[in-house]
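Structural features, examined
For reference, the chains in residue letters:
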Amino acid sequence: MPMPDDVREIVDALLPSVVVFGIAALGVVIVVWALRRARRSPRARAAAEALRTQAGADLVRLDEVVDELDLELGLSGALYGGTAPTSLRRARLTAQHVRDDAFAEYAALSQADLRPDEIRRASQRIQRRSGEALGRIEAARAEHAEWVRQNVSAADQVRAARERLTTLRATIGDPAALVAELSRRFDESEWRAAAEAAREASAAAHRADEALTAAEQGLGDPTVSVLADLAAAERAIRAAEAEARILEESHRLTLQAASAVRGELEAARSAVRQAVTTRDALEPADAERLGAEIRAVQDGIDALDATAERTPTATVDRVARLRDRLDLALGDARTAQQRLRSARTALPGTLASARGAVARGEAAIAHTRAGADARARLLRAQRELAEARQAQDPVTALDAARRALRDAEDAAALADHARLGGR
């Protein structure tokens, strides 16, 4: 049927507009598609990763400055009796919050499903907040330095540093005696870290003593500035304090593990016996799979007996991993009551392993120029360990302790990689 003339005229009039708008819509779709593709391209991802790397470097700088402020504030309290400006303390607290939040956000950027633009925005946000915190710290330091210049003499500063060194040496006592105690009872692998920390603490204290002696000798000469010697002494005292903490923590954890190791082995054997009871109630195929895992765990526990007293921390750590393997094998086969009972008995050993892993991660980062990834994992491990200690539910606490253990080990591995020059 032929089209009426008036309809034909309307169609002829509208057709150009329809074509134009259709082409325009198609163009918009193509442009949007191209933009989205460009934002997800390898080049965009590489640019986003470069920003993430820079954000990590800024975070490392902020983390180091916060650590320095902790020691500066300790010195201020000892030297000025609380009369120094509070701006430095406020800046430190603000920077701590910024650092912790930024590290959590930085750690989330490693997720594989994030788009480059999301990584870019988060990295820029981290850089902006880190820069703001560093700016506040620098302003507070300038105010603090001016106050010191007007109110404190170099002799006061040298005397306060000498008092700190004397207190530190009294606190440490005889590091060699602590190491000797460990070496008499345990395998070298158990006290190697303590021995290294003892050597480093003694060497740092000696460097501080030499720098302070040079500063004291220069106090009587108005033409000589003692600031360089005082700064060297402060750095050495800080290093000695850090190594002393590592030594004390290593010594304490080793002795605690030695006291607990036999109990942990017996608790693991009890968990195996309970798993055998659970296996007997399963279908044949499931029972066979679980039985193979039970035998492997039992063999692993038995293999630890001979060296348990000589390697207590390694044994407790291995038991915690075997308990984890057994729990994974059991899956949903246990009742809620059985899971709760198992978590209660597994928790002490897993907490001990997590504390040891966190201590090793802290030591590894203290001894290297570890990057932001290692520090982010360590901070997350520290938070998870705190959650595990505070949780009322044993199952929740055990899960948190196991996460802390894994993250702390990752942090130590990344720090060791940096130490070996693989950054």
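The present account deals with the structure reproduced in this document. Since the structure is predicted, the reported quantities are computational estimates derived from the model, not experimental observations. (Residues numbered from 1 in each chain as written. Predicted model: local features only at pLDDT ≥ 70, side-chain atom pairs only at ≥ 80, totals over all residues. Heavy atoms only, no water.)

**As for the overall build of the protein chain**
Counting its regular elements, the protein chain contains 13 helices and 0 strands. Element order for the protein chain, N to C, with α for helix and β for strand: α-α-α-α-α-α-α-α-α-α-α-α-α. Among the 423 residues that make up the protein chain, the fraction classed as buried is 40%. In the protein chain, 80% of the contacts between residues at least 6 apart in sequence involve partners at least 24 apart. Carbon together with sulfur atoms contributes 55% to the accessible area of the protein chain, which is approximately 22900 Å² in total. (Helix = DSSP H or I, 4+ residues; strand = E, 2+ residues; numbered from the N terminus. Buried < 20%, exposed > 50% of the residue type's maximum accessible area, 1.4 Å probe, protein only. Contact = heavy atoms within 4.5 Å. Areas by Shrake-Rupley, 256 points an atom, 1.4 Å probe, with all protein chains shown as cover.)

**A short note on helix α12 (residues 372–390)**
Taking 1.5 Å of rise per residue, the 19 residues of α12 would be expected to cover 27 Å, and the 27 Å separating its terminal C-alpha atoms lies within 8% of that figure. Taken residue by residue, α12 has Ala372, Ala374, Arg375, Ala376, Leu378, Leu379, Ala381, Glu384, Leu385 and Ala388 as its buried positions. (Expected span 1.5 Å × (residues − 1).)

**Side note on the pattern of salt bridges**
One pass over the structure, following the stated rule, counts 34 salt bridges. We note a salt bridge from Arg121 to Asp117, for which the minimum N-O separation is 3.3 Å. Remark: Asp117 and Arg121 occur in helix α4 (residues 116–151); sequence separation between them is 4 residues, near one turn of the helix. For Asp327, the salt bridge is made with Arg334, and the minimal N-O distance between the two is 3.1 Å. (Salt bridge = Lys/Arg side-chain N within 4 Å of Asp/Glu carboxyl O.)

**Notes on the packing of helix α9 (residues 284–304) against helix α10 (residues 312–330)**
Orientation of α9 relative to α10, taken along the N-to-C sense of each, is 170°, at an axis distance of 10 Å. What the angle tells us is that α9 and α10 run roughly antiparallel. Between α9 and α10, the residues in contact are Leu290, Glu293, Ile294, Ala296, Val297, Gly300, Ile301 and Leu304 and Thr315, Arg318, Val319, Leu322, Arg325, Leu326, Ala329 and Leu330, respectively. Of the residues in the contact of α9 with α10, the class split is 11 nonpolar, 2 polar and 3 charged. (Axes fitted to C-alpha atoms, helices over the stretch in contact; angles between N-to-C directions. Parallel < 35°, antiparallel > 145°, perpendicular 65-115°, else oblique. Nonpolar A, V, L, I, M, F, W, Y, C, P; charged D, E, K, R; others polar.)

**A word on the side chain of Gln338**
Here Gln338 is to be found in helix α11 (residues 336–366). Residue Gln338 is classed as buried on the basis of its relative accessible area, which comes to 17%. Not counting chain neighbours up to four residues away, the residues in contact with Gln338 comprise Gln274, Thr278 and Ala333.

**Some thoughts on α9**
The end-to-end C-alpha separation of α9 is 30 Å, in line with the 30 Å expected for 21 residues at 1.5 Å each. Where α9 is concerned, the buried positions are Ala287, Leu290, Gly291, Ile294, Val297, Gly300, Ile301 and Leu304. Its buried side turned inward, α9 meets α8 (227–280) and α10.

**Let's talk about the nonpolar core**
Ranked by internal contacts, the top residues of the largest apolar core, which has 28 residues, are Leu59, Leu62, Ala95, Phe103, Tyr106, Ile126 and Ile137. Listing elements by their share of this core, those giving two or more residues are α2 (42–80), α3 (87–108), α4 and α12. Non-local contacts of Ile137, meaning those with residues more than four positions away in its chain, are made with Leu62, Val65, Leu69, Leu88, Ala91 and Ala95. Judged by nonpolar contacts, the second largest core, of 25 residues, contains Leu351, Ala354, Ala364 and Ala404. (Core = buried A, V, L, I, M, F, W, Y, C linked by side-chain atoms within 4.5 Å.)

**Here we look at the environment of Arg136**
Tracing the chain through its elements places Arg136 in helix α4. When its relative accessible area of 39% is taken as the criterion, Arg136 is described as partly exposed. Considered as a pair, Arg136 and Ala95 are 41 residues apart in the sequence and their alpha carbons are 8.4 Å apart. Excluding residues within four positions of it along the chain, Arg136 makes contact with Ala91, Thr94 and Val98.

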